[in-house]
Amino acid sequence: AAGLWTVFTLGGVGSKASAQLEHCSPLASQSLLLLLIFFYFFISDNTAFSSSSPHAFQINFNSLYTALCEQQKSDQATLLLYMLLHQNSNVRTYVLARTDIENLV
């Protein structure tokens, strides 16, 4: 996954925070990269979901919001937040309805 991330960033150097995240919690870092890959795959391929089952899983937006607020110094978390806000109207509505949006910003 690290090699794939290098390809996405065109060989650029990630932030110190993302290196610290990977060092402290490698499973969390790898999981975040996997989420980004899945997210990109399902945006690119609209046939991935059948019309009879548009939602493959449910997610707790509060937990997601809290995790994203805690990890905003990481490049990967910022990219995931960007993709979710632009591609998922449910996440966008939830974030805009929060009263503590300054934690995210």
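Rules and cut-offs
- Residues numbered from 1 in each chain as written.
- Predicted model: local features only at pLDDT ≥ 70, side-chain atom pairs only at ≥ 80, totals over all residues.
- Heavy atoms only, no water.
- 1 Å grid on protein atoms, 1.4 Å probe; cavity = no way out; pocket = protein on both sides within 12 Å on 5 of 7 lines; lining within 4 Å.
- Points joined across faces, edges and corners; volume = space filled by probe spheres on them.
- Helix = DSSP H or I, 4+ residues; strand = E, 2+ residues; numbered from the N terminus.
- Nonpolar A, V, L, I, M, F, W, Y, C, P; charged D, E, K, R; others polar.
- pLDDT = per-residue confidence, 0-100.
- Contact = heavy atoms within 4.5 Å.
- Salt bridge = Lys/Arg side-chain N within 4 Å of Asp/Glu carboxyl O.
- Buried < 20%, exposed > 50% of the residue type's maximum accessible area, 1.4 Å probe, protein only.

## Here's the deal with empty space enclosed by the protein
By the definition in use, this model includes two cavities of 30 Å³ or more. By volume, the largest cavity amounts to about 50 Å³. Lining the largest cavity, in full, are Phe61, Leu64, Tyr65, Leu68, Leu81, Val91, Tyr94 and Val95. Looking at the lining of the largest cavity, the elements that each hand over two or more residues are helix H4 (61-70) and helix H6 (89-97). Among the elements that take part in the lining of the largest cavity, H4 stands out by supplying four residues, more than any other. Counted by class, the lining of the largest cavity contains eight nonpolar, no polar and no charged residues.

## Digging into the confidence of the model for the protein
Counting all residues, the mean pLDDT for the protein is 74, and 63% of those residues have values of 70 or more. For the protein, per-element mean pLDDT is lowest for helix H1 (residues 2-8), which scores 52, and highest for H6, which scores 93. Taken as a whole, residues 10-15 scores under 50 in pLDDT and shows five contacts with residues more than four places along the chain or in a different chain.

## Details of the layout of surface pockets
Taken as a whole, the second largest pocket holds about 210 Å³ of empty space. For the second largest pocket, the lining is made up of 11 residues, of which Ala28, Leu32, Ala67, Gln71 and Leu80 are closest to its centre. Contributing elements (two or more residues each) for the lining of the second largest pocket: helix H3 (26-44), H4 and helix H5 (75-87). Residue contributions to the lining of the second largest pocket peak at four residues, all from H3. Along the lines of polarity and charge, the residues of the lining of the second largest pocket split into nine nonpolar, two polar and no charged.

## Description of the pattern of salt bridges
Within the structure shown, the criterion is met by one salt bridge. Here Asp100 and Arg98 are joined by a salt bridge, their closest N and O atoms 2.9 Å apart. By relative accessible area, Asp100 is classed as buried at 18%.

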